Number of protein chains: 2
Amino acid sequence: MRRKTFCGGIDVGGTKISAALFTSQGKMLGRRRVPIDKGSVEKPVRQVIGLIRSLEGRVRQQGGDLCAIGICIPGVVFSRSGRVWAPNIPGWDRFPLRPRLAMKTKTPLVMDSDRSAYVLGEQWCGAARGKKDVVFLAVGTGIGAGLLSGGRLIRGSRDIAGAVGWFGLDPRFRNEYAAMGCFEAEASGGSIGRKARELLDAGEPSSMLAIVKGRAERVTALTVVESARAGDALACHILDAAVIYLAMGIANIVSILNPEMIVLGGGLFQASDLLLEPIRKEFKRWAQPLAAKTVRIEVSALGEDTGLFGAAKLAWDRFG
Amino acid sequence: MRRKTFCGGIDVGGTKISAALFTSQGKMLGRRRVPIDKGSVEKPVRQVIGLIRSLEGRVRQQGGDLCAIGICIPGVVFSRSGRVWAPNIPGWDRFPLRPRLAMKTKTPLVMDSDRSAYVLGEQWCGAARGKKDVVFLAVGTGIGAGLLSGGRLIRGSRDIAGAVGWFGLDPRFRNEYAAMGCFEAEASGGSIGRKARELLDAGEPSSMLAIVKGRAERVTALTVVESARAGDALACHILDAAVIYLAMGIANIVSILNPEMIVLGGGLFQASDLLLEPIRKEFKRWAQPLAAKTVRIEVSALGEDTGLFGAAKLAWDRFG
């Protein structure tokens, strides 16, 4: 009998770390998920090493082979040095993660950004299965995109391609744009919450206040979504404005890259029932017409596991 | 003595067709340029066949070998069928150009869009020599981009990637956007001329009228540029507005693709002395900061021959 071979995936997120084994067919085994310990620069590193050991141990128990482990990071992985920049993890600022991990294991490691993993995961086992030209647009606290063209990841000259949160979509420059980019300032989950809080602070009436028991500072994008579902005028107005920018951002991606599919993910698209159809309708006004006609816009099929699948696929592609 | 080998390049433009031989080192020999004959669908086809024969003849005379001929088209080349769509050539609407030409010669032919040829040409022998992540932005009658990522052309799922003239850059949708896209409607050479004519028709005073001897309908982008050089307030105002959109469009390309270099070409950048510095300054407000810091923005080094070099490079890459 042939020995079974596996690749591991580890998804380092902003709040938790997940790990699992995957067969070459994309079957996931024994997923674990732990809250990330941000107590020091070293603590999440030790957590990742612990998960590497546990993946290695499980494969040994099964009498199989572990080809490699793919790891994705909520930020940028500088491919030559293996250093990472992850703004939500304290001290991971050009931190030499790949060399640090490589000292601790003989298993080959592959690292990339979360957004590259997302698009690979959806292409391998999710909404974009088998397609070669796919973009994953993640809209949560921030906005970023994973880009696949002709079956290859687009990384850019400094590994920071996909920074679409910086798309300029309105020539009337505002101060917020300088910190995070125009698209992100107008349409991310974080910005939708911020806009709502500003309007409530300015005295605009809304049922949002009841949801947070009068404490406007607790309003988030999900509060806005919940109120909009109940027909609140202010919440609907805020989402309508965001839909225009989301549609323009998607249209710009479609016009420049001519993908077969855009996969939408990230926290904001938990409200895809409210957002998807308005976006699909609005984006056609903006995108190159033939590209608009042939692209499909879908919501992530793998949800929270997208990065984990993609991390494992990075490993399979390089060492499988 | 080894026989010399060549590839040919043919650049089918909107107004003329050029052809030349190229060595593998990028040395150009015997360039010819003829005005395109738009009298029928067939006439430009016959002109291209004539140029193929002439390239073949010259190589024979020299006792050399012709590996292949690359041909670029002012529009879209559908890579599977070899059909072309070129809006400025009558009847070239899904016209089966590659099969028609292939019947007439045994020399291998490679075809692609002009914008793909532009970026390849500049990367081979022009401003972006040896770079792997390059975008050529052509701003003339229209706006389009050739995209090179990791040394490979990005073509998209239907061969229409790079349609950046359709970038949405202003949420206040205007009717012109529906025909050509927001970016093109705000910043192409064609649109700059149109805006000037509209403002003159509305009675705005300007020295532009003197240049065209009072015939406002003759005003083009070059008239605007000429007046702006002489300090005309209306012309400067029109170019200032275009610079904002050009900077936003370039910033959006930089943020999504993180190229090493943007090469600017097309008729409008004959005025690069007026436009380049203001664009370089403005685009930094909009683009992802690290990507903005590392990208260079330069004007085409090959000028009118960019497409010819790129067409030959297509042939060398495939058959050399």
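1. Describing the overall build of chain A
Phase 1: Helices and strands together make up the secondary structure of chain A, namely twelve helices and 13 strands.
Phase 2: At 20 Å, chain A has a C-alpha radius of gyration in line with the 20 Å of a compact globule built from 320 residues.
Phase 3: Its C-alpha atoms give chain A principal-axis dimensions of about 65 × 45 × 35 Å.
Phase 4: For chain A, with 320 residues in total, the buried portion stands at 54%.
Phase 5: Across chain A, the fraction of contacts at a sequence separation of at least 24, relative to all contacts at a separation of at least 6, is 63%.

2. Description of the relation of the copies chain B and chain A
Phase 1: Its rotation angle being 180°, the transformation that places chain B on chain A also includes 0.0 Å of axial translation and leaves an RMSD of 0.0 Å. These values place the two chain copies in the arrangement generated by a two-fold rotation axis.
Phase 2: Take the interface residues of chain B: 100% of them recur as interface residues in chain A, which is what a same-surface contact looks like.

3. Quick word on helix 8 (residues 221-229) of chain B
Phase 1: Taken together, the buried positions of helix 8 of chain B are occupied by Ala221, Thr223, Val224, Val225, Ser227 and Ala228 of chain B.
Phase 2: Immediately downstream of helix 8 of chain B, the backbone of Gly231 of chain B shows phi near 90°, a positive value.

4. Concerning the packing of helix 8 of chain B against helix 9 (residues 233-257) of chain B
Residues and elements named next belong to chain B.
Phase 1: Between helix 8 and helix 9, the shortest axis-to-axis distance is 8 Å and the interhelical angle comes to 115°. The way helix 8 lies across helix 9 gives a crossing that is left-handed. Together, Val224, Ser227 and Ala228 of helix 8 and Ala235, Cys236, Ile238 and Leu239 of helix 9 make up the contact between the two elements.

5. What about the nonpolar core?
Phase 1: By size, the foremost hydrophobic cluster in this structure holds 224 residues, and its most contacted members are Ile250 and Ile262 of chain A together with Ile250 and Ile262 of chain B.
Phase 2: In terms of residue count, the dominant contributor to this core is helix 9 of chain B (17 residues).
Phase 3: Those residues within four positions of Ile262 of chain B in sequence are excluded, and the remaining contacts are Val135, Leu137, Ile250, Ile253, Val254, Val295 and Ile297 of chain B.

6. Here we look at the sheet that holds strand 12 (residues 261-265) of chain A
Residue and element names in this part refer to chain A.
Phase 1: Ordered in space as 11-10-9-12-13, the five strands form an open sheet in which the pairing is mixed. With partners counted over all chains shown, the strands left at the sheet margins are strand 11 (152-153) and strand 13 (296-299), one partner each.
Phase 2: Sheet topology note: the strand 12/strand 13 ladder contains four bridges and is parallel. Paired with Leu264 across the bridge in strand 13 is Val299.
Phase 3: Packed onto the sheet, helix 3 (residues 114-125) meets strand 9 (134-139), strand 10 (143-149), strand 11 and strand 12 and runs at close to 125° relative to strand 9.

7. Structural notes on the confidence of the model for chain A
Phase 1: Counting all residues, the mean pLDDT for chain A is 96, and 100% of those residues have values of 70 or more.
Phase 2: Two summary scores accompany this predicted model of the complex, namely pTM at 0.96 and ipTM at 0.96.

8. Considerations on the pairing of strand 2 (residues 16-22) of chain A
Residues and elements named next belong to chain A.
Phase 1: Of all seven residues in strand 2, six are buried, a share of seventy percent or more.
Phase 2: Inspection of the sheet shows strand 1 (residues 5-12) paired to strand 2 by six bridges, in the antiparallel sense. Looking across to strand 2, one finds that Val12 is bridged to Ile17.
Phase 3: Between strand 1 and the antiparallel strand that follows it, strand 2, lie three residues.
Phase 4: As defined by bridge partners, strand 2 adjoins strand 3 (residues 28-35) across six bridges and the pair is classed as antiparallel. Each residue of the ladder has a partner; that of Ile17, found in strand 3, is Val34.
Phase 5: Hairpin remark: strand 2 followed by strand 3, antiparallel, with five residues in the connecting loop; positive phi at Gly26, about 85°.

9. Re the interface of chain B and chain A
In many analyses, interface size is given as the accessible surface area lost on bringing the parts together.
Phase 1: With 40 residues of chain B at the interface, the matching set in chain A holds 40 residues.
Phase 2: For the side of chain B that touches chain A, the elements supplying multiple residues, two or more each, are helix 9, helix 10 (272-286) and helix 11 (289-294) of chain B.
Phase 3: Here the side of chain B that touches chain A gets eight residues from one element, more than from any other, and that element is helix 9 of chain B.
Phase 4: Here the residues of the side of chain B that touches chain A sort into 22 nonpolar, twelve polar and six charged.

10. A short note on unusual backbone geometry
Residues and elements named next belong to chain B.
Phase 1: Positive phi values are uncommon outside glycine, yet Lys213 reaches one of about 55°.
Phase 2: As for its position among the elements, Lys213 is in the loop between helix 7 (208-211) and helix 8.
Phase 3: Owing to 7 C-beta atoms within 10 Å, Lys213 belongs among the exposed residues under this scheme.
Phase 4: At Asn258, a position not held by glycine, the phi torsion is positive, near 50°.
Phase 5: Here Asn258 is to be found in the loop between helix 9 and strand 12 (261-265).
Phase 6: Take Asn258: there are 26 C-beta atoms within 10 Å of it, and that puts it in the buried class.

11. Overview of the sheet that holds strand 12 of chain B
Residues and elements named next belong to chain B.
Phase 1: Read from one edge of the open sheet, five strands run 11-10-9-12-13, paired in mixed fashion. Lying at the two open borders of the sheet, with one neighbouring strand each, are strand 11 (152-153) and strand 13 (296-299).
Phase 2: Pairing analysis gives five bridges linking strand 9 (residues 134-139) to strand 12, with the strands arranged parallel. Looking across to strand 12, one finds that Phe136 is bridged to Val263.
Phase 3: Each of strand 9, strand 10 (143-149), strand 12 and strand 13 touches helix 9; the most contacted strand, strand 9, lies at about 160° to it.

12. Some points on the domain arrangement of chain A
All names here are of chain A.
Phase 1: Taken as a whole, chain A is organised into domain 1 (5-126 + 304-319) and domain 2 (134-300).
Phase 2: The gap between the C-alpha centroids of domain 1 and domain 2 is 27 Å.
Phase 3: Counting residues at the interface gives twelve residues for domain 1, matched by 17 residues for domain 2.
Phase 4: Elements that contribute at least two residues to the side of domain 1 that touches domain 2 include exactly strand 5 (76-78) and helix 3.
Phase 5: Sorting elements by how many residues they give to the side of domain 1 that touches domain 2 places helix 3 first, with six residues.
Phase 6: Considering only residue class, the side of domain 1 that touches domain 2 consists of five nonpolar, five polar and two charged.

13. Notes on helix 1 (residues 42-61) of chain A
Residue and element names in this part refer to chain A.
Phase 1: End to end, helix 1 covers 29 Å across 20 residues, agreeing with the expected 28 Å (1.5 Å per residue, within 8%).
Phase 2: By the burial criterion, the buried members of helix 1 are Pro44, Val48, Leu51, Ile52, Leu55 and Val59. Taken end-on, helix 1 shows its buried residues confined to a sector of 100°, consistent with a single buried face. Exposed residues pointing more than 90 degrees away from the buried face of helix 1 are listed as Glu42, Arg46, Gly57, Arg60 and Gln61.
Phase 3: Buried residues along helix 1 sit in contact with strand 1, strand 2, strand 3, strand 4 (65-73) and helix 2 (97-102).
Phase 4: Count one or two residues on from helix 1 and you reach Gly63, which has phi positive near 65°.

Conventions and cut-offs
- Residues numbered from 1 in each chain as written.
- Chains lettered and ligands numbered in written order.
- Predicted model: local features only at pLDDT ≥ 70, side-chain atom pairs only at ≥ 80, totals over all residues.
- Helix = DSSP H or I, 4+ residues; strand = E, 2+ residues; numbered from the N terminus.
- Rg over C-alpha atoms; globule rule 2.2 N^0.38 Å.
- Buried ≥ 20, exposed ≤ 12 C-beta atoms within 10 Å, placed from the backbone.
- Contact = placed C-beta atoms within 7 Å.
- Least-squares fit on C-alpha atoms with pLDDT ≥ 70 in both.
- Axes fitted to C-alpha atoms, helices over the stretch in contact; angles between N-to-C directions.
- Left-handed = near helix turned anticlockwise from the far one by under 90°.
- Core = buried A, V, L, I, M, F, W, Y, C linked by C-beta atoms within 7 Å.
- Pairing = 2+ DSSP bridges.
- pLDDT = per-residue confidence, 0-100.
- Nonpolar A, V, L, I, M, F, W, Y, C, P; charged D, E, K, R; others polar.
- Domains from an automatic or database assignment.
- Expected span 1.5 Å × (residues − 1).
- Arc of directions from axis to C-beta.

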